Amino acid sequence: MSENVLEAESIRVVRGDQEIISDASLSVPANTQILVQGPSGAGKTTLFNILGLLDVPTSGTVRIANEETAALSERKRARLRRETIGFIFQDFQLIDDLTAWENAALPQDHAGERDEEWLQTLFTELEIADRADQYPATLSGGEKQRVAIARALANRPDIVLADEPTGQLDPTTTTQVLDLLFRLQDTTDTSLVVISHDMQLQPRFDTIVRLEDGTIHDHEPKTEAKPSIDT
Ligand SMILES: Nc1ncnc2c1ncn2[C@@H]1O[C@H](COP(=O)(O)OP(=O)(O)OP(=O)(O)O)[C@@H](O)[C@H]1O
């Protein structure tokens, strides 16, 4: 049995006549932080969608919780996604007519079971307990992203995938949101995979992977954590 929470192997993605990802492999061990960095147009969002089971590759395999996902029905993929992955997006993707609390509870509601105590812990840790009844339109960008972090962790996922999570935040708010995200990542034993073009995020991560022209070029592990990347 592999100890990796996610393994992507030989991923190739072709859309129309364009090869967006040529041959990318990524292993994500439990409780690690990985930054996938690359310039605009490198294929980061495409890779994010593949790793998060939101899209399927042209070829290659994605295993999550040791489950090979290629042959799964859309229903089973959705269930695996809900049970094992939390998502954070650049534009927050909160639902306007739900309160902060209701937005964060959505993954639990989809799974059929509310855990109000865990939600309360998340809101307290993220310092938004006093914002629970507010609607997204009345929240700042940093508060919206903290609600999105609560939503990502609501079902205690093995892995949190974040696509440019600080892209709409100013530098001070970026620091605050990342501090909270890393603290929760550590206390929940979740693996965090952040996809971003922002070079300033680098010093905070155990492992940095570069995605360029659809290919993963190298990785720079800074600690004993052992994510392995092959090109
Ligand atoms: N469905 C699609 N059909 C055709 N081309 C696509 C499709 N999706 C993405 N592309 C192209 O693939 C390339 C990579 O896109 P992607 O959004 O994954 O890059 P990115 O690294 O996330 O870029 P950015 O940082 O600017 O958001 C781009 O040239 C894009 O136009």
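Located above this text is the structure these notes cover.
Predicted model, so just to flag it, every value in this text is computed and none were measured.

## A short note on helix α4 (residues 116-125)
Along α4, the residues that are buried comprise W118, L119, L122 and F123. Buried residues of α4 fall within an arc of 135° about the axis and therefore sit on the same side. Structurally, α4 contributes buried residues whose contacts are with α3 (100-111), α5 (141-153) and α6 (171-188). Looking one or two residues past α4, E127 carries a phi angle of roughly 60°, positive in sign.

## Notes on the packing of α4 against α6
In the contact formed by α4 and α6, the axes pass within 11 Å of each other and the chain directions differ by 140°. With respect to α6, the axis of α4 lies oblique. On the side of α4, the interface is formed by W118, L122 and E125, while α6 contributes L180, R183, L184 and T188. Looking at the contact of α4 with α6 residue by residue, the classes come out as four nonpolar, one polar and two charged.

## A short note on the environment of A104
Structurally, the position occupied by A104 is in helix α3. You can call A104 buried: its relative accessible area is 0%. Along the primary structure A104 and Q134 are separated by 30 residues, whereas in three dimensions their C-alpha atoms are 12 Å apart. In contact with A104, not counting residues within four places along its chain, are L119, F123, V147, A150, R151 and A154.

## Considering the pattern of salt bridges
All told, the structure shown has 16 salt bridges when counted by the stated rule. Residue E212 is joined to R210 by a salt bridge in which the shortest nitrogen-to-oxygen separation is 2.5 Å. A residue is classified by how much of its surface remains accessible, and R210, at 21% relative accessible area, is partly exposed. One salt-bridge network, held together by shared partners, links E7, E9, R63 and E68.

## A word on the nonpolar core
In this structure, I88, L122, F123, L126, I149, V194 and F205 are the most contacted members of the largest nonpolar core, which totals 37 residues. Listing elements by their share of this core, those giving two or more residues are α3, α4, α5, β7 (159-163), α6 and β8 (191-196). Sequence-distant contacts of V194, that is, excluding residues within four places in its chain, are made with I34, L35, V36, A162, P165, L201 and F205. Formed by 31 residues, the second largest nonpolar core is a distinct cluster that contains L6, V28, I50 and L211.

## Focus on the site of the ligand
Surveying the vicinity of the ligand reveals the residues R15, Q18, I20, P39, S40, G41, A42, G43, K44, T45 and T46. Here an oxygen atom of the ligand and a backbone polar atom of G41 are 2.8 Å apart. The separation between an oxygen atom of the ligand and a polar side-chain atom of T46 is 2.6 Å. The protein chains hide 56% of the 640 Å² of surface that the ligand would expose on its own. Considering every element that reaches the shell around the ligand, the biggest residue donor is helix α1 (residues 44-51), with three residues. A breakdown of the residues in the shell around the ligand according to their chemical character gives three nonpolar, six polar and two charged.

Cut-offs applied
- Residues numbered from 1 in each chain as written.
- Predicted model: local features only at pLDDT ≥ 70, side-chain atom pairs only at ≥ 80, totals over all residues.
- Heavy atoms only, no water.
- Buried < 20%, exposed > 50% of the residue type's maximum accessible area, 1.4 Å probe, protein only.
- Helix = DSSP H or I, 4+ residues; strand = E, 2+ residues; numbered from the N terminus.
- Arc of directions from axis to C-beta.
- Contact = heavy atoms within 4.5 Å.
- Axes fitted to C-alpha atoms, helices over the stretch in contact; angles between N-to-C directions.
- Parallel < 35°, antiparallel > 145°, perpendicular 65-115°, else oblique.
- Nonpolar A, V, L, I, M, F, W, Y, C, P; charged D, E, K, R; others polar.
- Salt bridge = Lys/Arg side-chain N within 4 Å of Asp/Glu carboxyl O.
- Core = buried A, V, L, I, M, F, W, Y, C linked by side-chain atoms within 4.5 Å.
- Near = heavy atom within 4 Å.
- Polar contact = N/O pair within 3.5 Å; in protein donor to acceptor, adjacent residues only side chain to side chain.
- Areas by Shrake-Rupley, 256 points an atom, 1.4 Å probe, with all protein chains shown as cover.

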